[in-house]
Amino acid sequence: MATATTSPVSQALPPLIPRETLFGNPDRTRPQLSPDGKYLAYIAPDEKNVLQVWLRTVGEDDDQQLTADQKRGIRLYVWTYNPNQLIYLQDSDGDENFHLYLVNVQSKLVRDLTPFQGVKAQPIDLDPEFPDQILVGMNLNDRQKFDVYRVNLNNGAVEFETDNPGNIVSWVADAQFQIRGAIAATPDGGSDLLFRQTPDKSFELLRHWGPDDEGSAVTFSQDGKTLYISGSHDANAQRLIALDLASRQETVMAADEQYDIGGVVIHPTQRRIQAVSFYKDKVEWQILDESIADDFNAIAQIREGEFAITNRTLADDTWLVGYATDDGPVYYYVYNREAKTHSLLFSNQPELETLQLASMQPISYPARDGLTIHGYLTTPVGIEAKNLPTVLLVHGGPWARDTWGYSPTVQWLANRGYAVLQVNFRGSTGYGKAFLNAGNREWAAKMHDDLIDAVNWIVDQGIADRNKVAIMGGSYGGYATLVGLAFTPEVFAAGVDIVGPSNLVTLMQSIPPYWAPMKALFAHRLGDLETEEEFLKARSPLFFIDRIQKPLLIGQGANDPRVKQAESEQIVEAMRKADKPIEYALYTDEGHGFARPENRLHFFAIAEEFLSKYLEGRFEPIGEIKGHSGVVS
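What follows concerns helix H12 (residues 597-615). Over its 19 residues, H12 extends 26 Å from the first C-alpha to the last, a length consistent with the 27 Å expected when each residue adds 1.5 Å. Across the 19 residues of H12, 16 count as buried, placing the element largely inside the fold. Glu616 occupies a position one or two residues after H12 and carries a positive phi of about 70°.

The structure is reproduced here in C-alpha cells:
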C-alpha cells in the first residue's frame, strides 16, 4: 500500500489533509437572522462535538448555545415569525420519523411540538401575518398519509386542519394561511394540481401531469388570484408559470429550453417572485423583479463563487448571502441593501482556507447512443492529470444530480491522488424531461451504460489508468456500484457501496408506508413490482454475484427506512457463501447515510485504506476513532 511519501507521485501531491478536516463538523454554518434582524442564529458544535443551534445578538459578542441535542446534532432550523422562537427537526438514530422542536431563545426552553411515537412531521408553511402558528403535515392517523395540522407555537396545541384522501404528496397555503392548493399522485404515475376556492369547498382539478411530465406548486400570490407553478407540460424543461385562478390562463414567467428551473426567490412579505435559477454547468440567475437587479449585481461583485441569498429580514433591508466555490469553504456575508455594503460574517470551515484544494471542472461526453452526458472532473493538485487511479463517484436519487462546488468526498479522493469523475447519467434531474425520461426502466441498463461510457471517455482522454478505476456511491450510487461489479466485472478494480439496494424487488417491498402514493411513479420509472418481478430481478445485482470478481466494501445504517439493512446483509451473506471478497461496516445508530461525524470518520477511514489497497493511492492510517457505532465484519 502507498502512504504519503512512498512514491514520486505521492511526494508531488500536497500534504495529506486529515480526514477530520474534511469529514468532521463545520466550525460554524447556516447563519440565519431573526425576522426583525435582532438576532443571528447559526449551527456549531458544542464541547462534545455535537452540532447545536447557537445565538448571538446582532452587534454584540454574546454568543451562547441554545440547544442541547445529545447525539445526532441539529442540521436544519428556521426562525419562526415570532422573533423569540425558532424550530428544528430531529429524528431518532436515522429513522426519519422527524419530530418538530420549538426553541425559545430567551428561556432556552425546548419543546417537542409533535411528541407522537413513530410519526413523521413535515413542516408545510410559516407566515409573518400568523406568527404564532405553523402548518405541519403528519401521518398521525394513518402512517401512509400526511394530513395537515395547525400547531400553536405558544402553547403547543395541535389542531386537525385538512384531511388527506391518501394520494396528496404536498400542500400549499395562501396569504390567509389557509390550505388551498395541493399536489396529488395519480394511478398513472403522474400528478394532479388541485385547488379549492375556500377551505370549506372541495378540491378541483387545475391540471394533470402524466408520468413523463414534472410539475409542482410554488406559492399563491398575495391577493390569492394567482398560483405560481412549475411544469414541463408543453415544453421540454420545467418552466415557471403564473396560473390565473379565475380564467385558468397560464403565463410563462421564466424558461430555458434544456434546463429546468431550480431555486425561486420570493419577497419575504409580498409573495412576489423576484428571481429564479437554472442550474447548468453552474448556477445562472434570471431576475424577474427589477427592484433587486442592482442588489444581485452588487452581490456578484463581492467575491467569486456561486452565491445564494440564504436569509432576509422582514423589512428586507438586510440579506445574508452565501458564496460556494469548488476549492474552499462557504463564505457568509451580511449585505446592507440600502447602502449596498457588505461585511464578512464567517466561513463555515476556516481550516479549508489555506489548504491546496482541487478545482472541479464541468465536462461532457457523448454516450454510445449519442445522448450528451454532463458531469464534473476533479484531478489531484500538483501532479499531471495523466494515467491516474480514478474513482467514478455516482450520485444518489437517481432522480437528482451532481453540481459544481466543494465536496468533502471529492477533495478527500483528489488529495489521496485519485481523479474523481461525477456523471449526471440519463435519469438525472435538471436537464429537462427528455433526459429524465431517457432513464425510465433503464436501471442497470442504459443508465449504467452512461457510467461505462464515462470510464471509456476518461481513459481515452489519457487521464485515467484503465486498470485502476473504482466505482463508489451512496443510495442509487451504491446500487450502481453493485451493478458495476456484477454486470461489468472487468471494468472496475473495486467498489464502495454506501446504503445501496441489492435487490429491487425487496427494495420496493420494504419502502416506508408513506411512500405508497409514489408506487405508480416507481412502477413507471423503475418497473412494476406487481407484474414485472422477473424484470426487476434481472436488474438486481444480488442475483449476479457469481459474476463479481473485484473487492467490495459496503457501509450501511441499521435504521435506514429507505434502503433497509437487509439490502446490504443479503448481498454480504451471498458473497461470503460464494467466497467473494467483501468487507462490511454496519452503523447501529445511523439511517440513510452517516450523520454523526464519528461514524463518517470511521467509514471513510476504512474506505481510504480499501481504495489504497486496490488503486494504490496514498492513505492516512486509521488510528483511533472514538464514539463510532461501526461494526466491521
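From this point on, the discussion continues.
Here Ala246 is to be found in the loop between strand E19 (239-244) and strand E20 (250-254). The class of Ala246 is exposed, set by a relative accessible area of 75%.

Our focus in this paragraph is empty space enclosed by the protein. All chains considered together, the criterion is met by one cavity of 30 Å³ or more. The calculated volume of the largest cavity comes to roughly 40 Å³. As for the largest cavity, its lining consists of Pro14, Ile17, Gln356, Ala358, Val381, Gln411, Ala414 and Asn415. Grouping the amino acids of the lining of the largest cavity by side-chain chemistry returns five nonpolar, three polar and no charged.

Before going further, it helps to examine the packing of helix H6 (residues 446-460) against helix H7 (residues 476-487). A pair of packed helices is captured by two measures, namely the crossing angle of their axes and the spacing between those axes. The N-to-C vectors of H6 and H7 enclose an angle of 75°; their axes lie 11 Å apart at closest approach. Accordingly, the angle class assigned to the pair H6 and H7 is roughly perpendicular. Residue-level contacts link Met447, His448 and Leu451 of H6 to Tyr476, Ala480, Val483 and Gly484 of H7. Taken together, the residues that form the contact of H6 with H7 break down as five nonpolar, two polar and no charged.

Bringing the packing of aromatic side chains into the picture now. Evaluation of the coordinates by the stated rule reveals 35 aromatic pairs. With a centroid separation of 6.3 Å and an interplanar angle of 15°, the aromatic rings of Trp285 and Phe307 are classed as stacked. Linking Trp285 in strand E23 (residues 283-287) with Phe307 in strand E24 (residues 306-312), this pair joins segments that are 22 residues apart in sequence. On the basis of relative accessible area, Phe307 is assigned to the buried category, the value being 12%. Taken together, a centroid distance of 5.8 Å and an interplanar angle of 40° make the contact between Trp399 and Phe522 tilted. With Trp399 in the loop between strand E30 (388-394) and helix H4 (408-415) and Phe522 in helix H9 (residues 519-525), this residue pair connects regions lying 123 residues apart in the sequence. Put simply, the rings of Trp285, Phe296, Phe307, Trp319, Tyr323, Tyr333 and Tyr335 touch in pairs and so form one group of aromatic residues.

With antiparallel pairing, the four strands of this open sheet are ordered in space as E13-E14-E15-E16. Each having just a single partner strand, strand E13 (168-173) and strand E16 (204-209) make up the two edges of the open sheet. Each strand of the sheet is rotated relative to its neighbour by a mean of 20°, with strand direction disregarded. Pairing of strand E14 (residues 179-185) with strand E15 (residues 191-195) involves five bridges; the strand directions are antiparallel. Within E15, the position partnered with Ala184 by the bridge is Asp192.

Moving on: the layout of surface pockets. Its volume calculated, the second largest pocket comes out at about 1000 Å³. Lining of the second largest pocket is provided by 35 residues; of these, Glu214, Trp399, Met518, Leu521 and Phe522 occupy positions nearest its centre. Looking at the lining of the second largest pocket, the elements with two or more residues in it are E13, E14, helix H8 (504-509) and H9. It is H9 that provides the largest number of residues to the lining of the second largest pocket, a total of three residues. The residue makeup of the lining of the second largest pocket, split by class, is 20 nonpolar, eleven polar and four charged.

Let us now look at the pattern of salt bridges. With the rule as written, the count across this model stands at 37 salt bridges. Note that Glu620 is salt-bridged to Arg19, the shortest N-O span being 3.6 Å. Remark: Arg19 occurs in helix H2 (residues 19-23) and Glu620 occurs in the loop between H12 and strand E36 (630-632); sequence separation between them is 601 residues. With a relative accessible area of 23%, Glu620 lands in the partly exposed category. Residues Asp589 and Lys71 are paired through a salt bridge, measuring 3.3 Å at the closest nitrogen-oxygen approach. Linking Asp589 in the loop between strand E35 (582-587) and H12 with Lys71 in the loop between strand E4 (64-65) and strand E5 (77-79), this pair joins segments that are 518 residues apart in sequence. Residues participating in the shared-partner salt-bridge network are Lys71, Asp93, Asp589, Arg596 and Glu598.

What counts as what
- Within each chain, residue numbers correspond to sequence positions counted from 1 in written order.
- With pLDDT at 70 or above as the cut-off, local features in this predicted model cover only qualifying residues; side-chain atom pairs require 80 or more to be listed or tallied, and sums for whole chains, interfaces and linings still use all residues.
- Just so you know, side-chain values use all the structure's heavy atoms and leave hydrogens and water out.
- In DSSP terms, a helix is any run of H or I states spanning at least four residues, a strand is any run of E spanning at least two, and both are numbered starting from the N terminus.
- Take the number of residues in a helix, subtract one, and multiply by 1.5 Å to get its expected span.
- Only protein chains enter the accessibility calculation, which uses a 1.4 Å probe. A residue is then buried if its area is under 20% of the maximum for its type, exposed if over 50%, and partly exposed in between.
- Of the two site types, the cavity is a set of points on a 1 Å grid over the protein atoms alone where a 1.4 Å probe fits but cannot get out, and the pocket is an open set with protein on both sides within 12 Å along at least five of seven lines, each lined by residues with an atom within 4 Å of a point.
- Grid points are joined across faces, edges and corners, and a volume is the space filled by probe spheres set on the points.
- As a working rule, the residues Ala, Val, Leu, Ile, Met, Phe, Trp, Tyr, Cys and Pro are called nonpolar, Asp, Glu, Lys and Arg charged, and the rest polar, with Gly in that last group.
- All axes are obtained by fitting lines to C-alpha atoms, using only the stretch in contact for helices, and the reported angles, taken between N-to-C directions, cover 0 to 180 degrees.
- When describing relative orientation, an angle under 35 degrees is termed roughly parallel and one over 145 degrees roughly antiparallel, while 65 to 115 degrees is termed roughly perpendicular and anything else oblique.
- Every residue pair with non-hydrogen atoms within 4.5 Å of one another is taken to be in contact.
- What counts as a ring pair is set by centres within 6.5 Å for rings of Phe, Tyr and Trp (its six-membered ring), and what kind of pair is set by the plane angle: stacked under 30 degrees, edge-to-face over 60, tilted for all other angles.
- Two strands are said to pair when DSSP picks up at least two bridges between them.
- The term salt bridge refers to a pairing of a side-chain nitrogen on Lys or Arg with a carboxyl oxygen on Asp or Glu at a separation within 4 Å.

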